[in-house]
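What follows is the residue order along each chain.
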Amino acid sequence: MEGKGWREENGLDKVEHWFKYRRDEYTDTGQLTPCSPLQQAQCGNPQISNGELPNCFISGIGPDDFICDCDGNPSFHIGRLCTTPIDRDIVLTSLQTCYGCSQNYFTSTNYPNLYGTDRDDVYLLYIPGAREINFEFSVPFSVEAENDDLFVGAGLEFTLSDVNTVGLEPGLIGDNLYFFDNRIITPPGQNDPTPGETPPPFTIVGDTAWLYFRTDSNIEEVGFNLTWSAASKALLMSLVIAYLGP
């Protein structure tokens, strides 16, 4: 009887089998898989503007593991099923989504020109297979300090308490929750932000993120261009393989 081969002795046969299974599940970061008609029937309340239900995508292996794309929802409902209304104190002016976008960007209205007054804009992002989403601002960046606000958080919905800035300084303000305005690029003791500066890059852990941008009724700035790229779960699997012993 032949002895064990080198690969079997070192456990590589099992590792490669395990990794192939996980790779098939996670390698295609950003690839969308349509959900079933039964799942899609749970999406959208109300229906999107053309009378059809929102697109729906698989997000796991369970019957409830799916996500609905809220783009085109006339009542600006958000959340996993597009059934969560925005807080009544927020009157949205736009809702944008990017589902399946492993890298792309969101911008304020008219960027890099003035973004306009009295805006309440929401952006939703879902990247299948993403372990984390890495964000970076482009030059120029300018959001009026203490009056206009940009928030970025994990998930597909938020509450009014998530975007309450009373007593807060820009930066990380909660678990997977960030807040930005010009104070973050203004040197201590100065009144004006440093030209050409942007907030530092940051990361949201998970495969979903929301942005909320609101402006007041007077001063306008150029706003933001926020790019992102996803770090896939497959990369994490590769690192595990590299360090996994026999």
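Residues numbered from 1 in each chain as written. Predicted model: local features only at pLDDT ≥ 70, side-chain atom pairs only at ≥ 80, totals over all residues. Heavy atoms only, no water.

## Some thoughts on the environment of Gly171
By the secondary structure assignment, Gly171 is in strand 8 (residues 171-174). We classify Gly171 as buried; its relative accessible area is 12%. Considering only alpha carbons, one finds Gly171 and Pro199, 28 residues apart in sequence, at a separation of 8.5 Å. The residues contacting Gly171, other than those within four sequence positions of it, are Leu177, Tyr178, Phe179 and Ile184. (Helix = DSSP H or I, 4+ residues; strand = E, 2+ residues; numbered from the N terminus. Buried < 20%, exposed > 50% of the residue type's maximum accessible area, 1.4 Å probe, protein only. Contact = heavy atoms within 4.5 Å.)

## Section: the environment of Leu168
Here Leu168 lies in the loop between strand 7 (149-154) and strand 8. For Leu168 and Phe179, which are eleven residues apart along the polypeptide, the C-alpha to C-alpha distance reads 8.8 Å. Not counting the four nearest positions on each side in its chain, Leu168 is found in contact with Ile173, Phe179 and Arg183.

## Some points on the pattern of salt bridges
Overall, the coordinates contain five salt bridges when judged by the stated rule. With a closest N to O distance of 2.6 Å, Arg214 and Asp149 form a salt bridge. Residue Arg214 is found in strand 11 (residues 208-214), and its partner Asp149 is found in strand 7; the two are separated by 65 residues along the sequence. Each member of the pair, Arg214 as well as Asp149, carries the same accessibility label: buried. Between Arg183 and Asp181 there is a salt bridge, with the nearest N and O atoms lying 3.0 Å from each other. What makes Asp181 buried here is its relative accessible area of 0%. One salt-bridge network, in which partners are shared between bridges, spans Glu169, Asp181 and Arg183. (Salt bridge = Lys/Arg side-chain N within 4 Å of Asp/Glu carboxyl O.)

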